[in-house]
Amino acid sequence: MPLTLDLLPGVDWSVSVVDLGSGEVLASHDPDRLLSTASVGKLFVLVELAERLHDGRVAPDLPLDRRAVPPVADSGLWQHLSTDVLPVVDVARLVGAASDNLATNVLIDLLTLESIRTRAREWATRGSDLVDVVRGLRGPADPPHLSLGCAADLTDVLARLWAERHVQDSAGRTVLRWLAPGMDLSMVASAWHQDPLSHAEEPSGPRLVNKTGTNLGVRADVGVVNSGGRATAYAVVANWSEDPPGHRRDDVMVALGGIGAALRSHLDRTRVAG
């Protein structure tokens with residue numbers, strides 16, 4: 001049963017929705033189009049770290065010091081904590097739960113951007129990539145984006161993570177656990193009205209695992225909805241000219257919520273029909 005989405009005109013979209021049981025593409029719009037995905041690219045940091053933890057190159061209790069990298073603000077909690085040193089697995093948890101910018105850069109410093117980008121090319125064959133470290137301000141000599149991604153790549157990544165969810169000592173199982181307490185349900189995931197601070201064990205609705213990206217003129221939400229034993233991966237990326245700041249932002253956020261509502265309605269109908 002196809003899923004019809006109402007995409008806001010004048011916005012660059014890359015969208016893919018896939019049933020992870022059958023592999024059926026439920027909805028698609030420019031799925032191979034590379035757009036700015038902001039913090040969604042942090043997924044590749046987590047994947048690279050998970051692979052190293054499981055092959056023994058990194059110990060889970062390895063202490064990491066945030067003073068190893070320049071301070072960076074905006075999203076995250078570590079900048080507000082009193083401790084400078086955390087074990088590597090807790091640094092990863094900060095990235096998964098709060099998209100922590102400082103924790104991300106500390107992990108990039110450990111793993112190297114080159115290794116993370118190599119992993120991205122392995123997992124995302126259409127060009128999705130973590131392009132740079134997180135920066136407070138991007139100058140003319142810096143890459144213009146933190147990450148680039150297309151919806152088809154991102155649903156492929158989600159499908160691979162999901163396929164490994166029950167495999168002990170797998171990257172997929174570990175990364176999904178890091179992402180499970182993610183606090184941003186403001187976009188596509190808003191349609192299920194779950195508690196953004198406590199939804200990992202939601203008793204009255206589907207299990208949601210997602211990663212979002214936000215920047216000026218960028219909104220992206222990629223995730224898996226597991227409803228009644230049926231899992232669906234979605235990747236929705238929107239880029240637009242947000243000049244001046246705030247221009248069309250409300251419209252884009254409403255559109256993202258509408259995509260989530262359409263997906264929820266579709267999943268509810270198919271569950272009843274099945």
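As a starting point, this report considers the structure included with it.

Rules used throughout
- Residues numbered from 1 in each chain as written.
- Predicted model: local features only at pLDDT ≥ 70, side-chain atom pairs only at ≥ 80, totals over all residues.
- Heavy atoms only, no water.
- Helix = DSSP H or I, 4+ residues; strand = E, 2+ residues; numbered from the N terminus.
- Rg over C-alpha atoms; globule rule 2.2 N^0.38 Å.
- Buried < 20%, exposed > 50% of the residue type's maximum accessible area, 1.4 Å probe, protein only.
- Contact = heavy atoms within 4.5 Å.
- Areas by Shrake-Rupley, 256 points an atom, 1.4 Å probe, with all protein chains shown as cover.
- Lys, Arg positive; Asp, Glu negative; His and termini not counted.
- Charge placed at Lys NZ, Arg CZ, Asp CG, Glu CD.
- Pairing = 2+ DSSP bridges.
- Axes fitted to C-alpha atoms, helices over the stretch in contact; angles between N-to-C directions.
- Salt bridge = Lys/Arg side-chain N within 4 Å of Asp/Glu carboxyl O.
- Core = buried A, V, L, I, M, F, W, Y, C linked by side-chain atoms within 4.5 Å.
- Phe/Tyr/Trp six-rings, centres within 6.5 Å; stacked < 30°, edge-to-face > 60°.
- Lys NZ or Arg CZ within 6 Å of the ring centre and 35° of its normal.

Here's the deal with the overall build of the protein chain
- Looking only at helices and strands, one finds 7 helices and 10 strands in the protein chain.
- In terms of overall size, the protein chain behaves like a compact globule, its C-alpha atoms giving a radius of gyration of 18 Å where 274 residues would be expected to give roughly 19 Å.
- Going through the 274 residues of the protein chain one by one, you find that 52% of them count as buried.
- Put simply, of all contacts in the protein chain between residues at least 6 apart along the chain, 61% involve residues at least 24 apart.
- Surface summary for the protein chain: the accessible area is close to 12,200 Å², and the carbon and sulfur share equals 52%.
- One finds the centroid of the 26 positive side-chain charges in the protein chain at a distance of 2 Å from the centroid of its 35 negative side-chain charges.

Some thoughts on the pairing of strand β8 (residues 207–215)
- The pairing of β8 with strand β9 (residues 218–227) spans 9 bridges and is antiparallel. Residue pairing for β9: Leu208 is matched across the bridge by Val225.
- Between β8 and the antiparallel strand that follows it, β9, lie 2 residues; Gly217 among them carries a positive phi value of about 75°.

Considering the sheet that holds β8
- As summarised here, the arrangement of the 5 strands in space is β2-β1-β10-β9-β8, forming an open sheet in which the pairing is antiparallel. A strand with exactly one partner marks an edge of an open sheet, and here the two such strands are β2 (25–29) and β8. Strand-to-strand, the axes of this sheet are offset by a mean angle of 5°, without reference to chain direction.
- Pairing of β9 with strand β10 (residues 230–239), which is carried by 10 bridges, proceeds in the antiparallel orientation. Residue pairing across strands places Gly223 opposite Tyr234, the latter belonging to β10.

Quick word on the sheet that holds strand β7 (residues 147–149)
- In space, the 3 strands of this open sheet follow the order β3-β7-β6, with antiparallel pairing throughout. For this open sheet the edge positions go to β3 (35–36) and β6 (129–130), each flanked by a neighbour on one side alone.
- Two elements, β3 and β7, share 2 bridges in a ladder whose sense is antiparallel. Directly across from Ser36, in β7, lies its bridge partner Leu148.

Considering the pattern of salt bridges
- Enumeration according to the criterion identifies 23 salt bridges in this entry.
- Its salt-bridge partner being Asp65, residue Arg67 comes within 2.7 Å of it at the nearest N-O pair.
- Among the residues examined, Arg67 registers a relative accessible area of 58% and is labelled exposed.
- Its relative accessible area of 25% is what places Asp65 among the partly exposed residues.
- The salt bridge partner of Arg126 is Asp153, with a shortest N-O separation of 3.2 Å. Here Arg126 is found in the loop between α4 (113–123) and β6, whereas its partner Asp153 is found in helix α5 (residues 151–163), with 27 residues between them in sequence.
- Residue classification places Arg126 among the partly exposed positions, given a relative accessible area of 34%.

Quick look at the nonpolar core
- One finds Leu49, Trp78, Val88, Leu107, Val175 and Trp178 to be the most contacted residues of the largest nonpolar core, which totals 54 residues.
- With 8 residues, helix α1 (residues 42–55) is the largest single contributor of residues to this core.
- Not counting the four nearest positions on each side in its chain, Val175 is found in contact with Leu46, Val47, Ala50 and Leu161.
- Counting 28 residues, the second largest nonpolar core, distinct from the first, contains Leu8, Trp13, Val15 and Trp240.

Focus: helix α2 (residues 88–98)
- With 9 of 11 residues buried, α2 lies mostly within the body of the structure.
- Those residues of α2 that sit buried are Val88, Val89, Val91, Ala92, Leu94, Val95, Gly96, Ala97 and Ala98.
- Buried residues belonging to α2 abut α1, β4 (63–65), β5 (85–87), α3 (101–111), α6 (171–179) and β8.
- Just downstream of α2, Ser99 is the residue with a positive phi angle, here 50°.

Some points on the packing of aromatic side chains
- If you walk through the whole model with that rule in mind, you get 0 aromatic pairs.
- Just above the ring of Trp123 sits the side chain of Arg160; from NZ or CZ to the centre is 4.0 Å.

Brief notes about the pairing of β10
- Most of β10 is tucked away: 9 of the 10 residues are buried.
- Pairing between strand β1 (residues 12–19) and β10: 8 bridges, direction antiparallel. Residue pairing for β10: Ser14 is matched across the bridge by Val237.
- Hairpin connection from β9 to β10: 2 residues lie between these consecutive antiparallel strands, with Gly228 at a positive phi of about 60°.

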